[in-house]
Amino acid sequence: PLPKYPSIKRDISMLIDDAIGASAIDEVIRKEGHELVKTIEVFDLYKGQQIGESKKSIAYTIEYRSDEKTLKDEDVNHVHAKIQESLVKKLGVQIR
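Figured I'd write up the structure that's included with this text. (Residues numbered from 1 in each chain as written. Predicted model: local features only at pLDDT ≥ 70, side-chain atom pairs only at ≥ 80, totals over all residues. Heavy atoms only, no water.)

1. Details of helix H2 (residues 73-91)
Over its 19 residues, H2 runs 26 Å from end to end, which matches the ideal 27 Å to within 8%, given 1.5 Å per residue. All buried positions along H2 are accounted for by Val-76, Val-79, His-80, Ile-83, Ser-86, Leu-87 and Leu-91. All buried residues of H2 lie within an arc of 120 degrees about the axis, which places them on one face of the element. Opposite the buried face of H2, by more than 90 degrees, sit the exposed residues Glu-74, His-78 and Lys-89. Buried residues along H2 sit in contact with strand S1 (8-17), helix H1 (22-33), strand S2 (37-46) and strand S3 (55-64). (Helix = DSSP H or I, 4+ residues; strand = E, 2+ residues; numbered from the N terminus. Expected span 1.5 Å × (residues − 1). Buried < 20%, exposed > 50% of the residue type's maximum accessible area, 1.4 Å probe, protein only. Arc of directions from axis to C-beta. Contact = heavy atoms within 4.5 Å.)

Dropping the structure here:
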(Lines give C-alpha, C1' and ligand atoms only; values in the text may rest on other atoms or scores of the structure.)
Protein backbone atom coordinates (compact mmCIF):
# COMPACT_ATOMS: atom_id res chain seq x y z
CA PRO A 1 0.00 0.00 0.00
CA LEU A 2 1.00 3.59 -0.54
CA PRO A 3 2.11 5.57 2.52
CA LYS A 4 -0.62 7.58 4.20
CA TYR A 5 1.63 10.60 4.89
CA PRO A 6 4.14 12.34 2.61
CA SER A 7 7.89 12.08 3.05
CA ILE A 8 10.57 14.77 3.25
CA LYS A 9 14.06 14.28 1.84
CA ARG A 10 17.30 15.85 3.07
CA ASP A 11 20.86 15.46 1.83
CA ILE A 12 24.06 15.06 3.83
CA SER A 13 27.46 15.50 2.21
CA MET A 14 30.53 14.54 4.21
CA LEU A 15 34.26 14.00 4.11
CA ILE A 16 35.26 10.80 5.89
CA ASP A 17 38.16 8.36 6.29
CA ASP A 18 38.20 5.82 3.48
CA ALA A 19 38.37 2.97 6.00
CA ILE A 20 34.90 3.73 7.39
CA GLY A 21 32.30 1.67 5.59
CA ALA A 22 28.79 2.49 4.52
CA SER A 23 27.31 0.16 7.13
CA ALA A 24 28.77 2.28 9.97
CA ILE A 25 27.28 5.43 8.45
CA ASP A 26 23.89 3.75 7.92
CA GLU A 27 23.89 2.51 11.52
CA VAL A 28 24.41 6.02 12.93
CA ILE A 29 21.75 7.52 10.65
CA ARG A 30 19.16 4.87 11.53
CA LYS A 31 19.93 4.99 15.27
CA GLU A 32 19.54 8.77 15.49
CA GLY A 33 16.63 8.98 13.04
CA HIS A 34 14.67 6.21 14.75
CA GLU A 35 11.49 5.26 12.92
CA LEU A 36 11.41 8.48 10.86
CA VAL A 37 14.22 7.35 8.51
CA LYS A 38 12.62 5.31 5.75
CA THR A 39 15.38 5.17 3.12
CA ILE A 40 19.07 6.05 2.88
CA GLU A 41 20.65 6.33 -0.57
CA VAL A 42 24.17 7.23 -1.68
CA PHE A 43 24.04 9.64 -4.60
CA ASP A 44 27.68 10.72 -4.81
CA LEU A 45 31.05 9.19 -3.96
CA TYR A 46 34.40 10.75 -4.77
CA LYS A 47 37.98 9.71 -4.04
CA GLY A 48 40.84 11.72 -5.43
CA GLN A 49 43.76 14.05 -4.95
CA GLN A 50 41.62 17.10 -4.21
CA ILE A 51 40.36 15.71 -0.90
CA GLY A 52 43.50 13.98 0.29
CA GLU A 53 44.81 10.49 0.58
CA SER A 54 42.76 7.93 2.56
CA LYS A 55 39.66 10.17 2.48
CA LYS A 56 36.43 10.03 0.54
CA SER A 57 33.61 12.44 -0.08
CA ILE A 58 30.23 10.80 0.14
CA ALA A 59 26.71 12.21 -0.09
CA TYR A 60 23.45 10.65 1.02
CA THR A 61 19.77 11.38 0.53
CA ILE A 62 17.71 10.49 3.58
CA GLU A 63 13.95 10.08 3.30
CA TYR A 64 11.98 10.88 6.45
CA ARG A 65 8.36 9.90 6.97
CA SER A 66 6.08 9.32 9.93
CA ASP A 67 3.44 6.61 9.99
CA GLU A 68 1.35 8.76 12.35
CA LYS A 69 1.31 12.32 10.96
CA THR A 70 2.51 14.72 8.29
CA LEU A 71 5.98 15.89 9.25
CA LYS A 72 6.82 19.56 9.44
CA ASP A 73 10.16 21.04 8.43
CA GLU A 74 10.97 21.70 12.11
CA ASP A 75 10.50 18.00 12.93
CA VAL A 76 12.84 16.86 10.19
CA ASN A 77 15.39 19.64 10.72
CA HIS A 78 15.76 18.65 14.38
CA VAL A 79 16.33 14.96 13.60
CA HIS A 80 18.61 15.76 10.66
CA ALA A 81 20.78 17.99 12.88
CA LYS A 82 21.04 15.20 15.48
CA ILE A 83 22.15 12.78 12.77
CA GLN A 84 24.84 15.20 11.58
CA GLU A 85 26.10 15.76 15.15
CA SER A 86 26.31 12.01 15.76
CA LEU A 87 28.19 11.41 12.51
CA VAL A 88 30.75 14.02 13.57
CA LYS A 89 31.09 12.69 17.13
CA LYS A 90 31.00 8.93 16.46
CA LEU A 91 32.73 8.65 13.10
CA GLY A 92 34.76 11.86 12.89
CA VAL A 93 33.17 13.00 9.64
CA GLN A 94 33.41 16.53 8.36
CA ILE A 95 30.02 17.81 7.16
CA ARG A 96 30.33 19.67 3.87
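Don't stop here, the text continues.
2. With respect to the pairing of S3
With nine of 10 residues buried, S3 lies mostly within the body of the structure. Summarising the sheet, S1 and S3 pair through 10 bridges and their orientation is antiparallel. Counted as the bridge partner of Ile-16 is Lys-56 from S3. (Pairing = 2+ DSSP bridges.)

3. Re the sheet that holds S3
Strand order in the open sheet formed by four strands is S2-S3-S1-S4, and the pairing between neighbours is antiparallel. Among the strands making up the open sheet, the edge pair consists of S2 and strand S4 (94-95). Sheet topology note: the S2/S3 ladder contains eight bridges and is antiparallel. Of the residues in S3, the one forming a bridge with Glu-41 is Thr-61. On the sheet, H1 packs against S1, S2 and S3 and is oriented at approximately 145 degrees with respect to S2. Against the sheet, H2 contacts S1, S2, S3 and S4, and its axis sits at roughly 10 degrees relative to S1. (Axes fitted to C-alpha atoms, helices over the stretch in contact; angles between N-to-C directions.)

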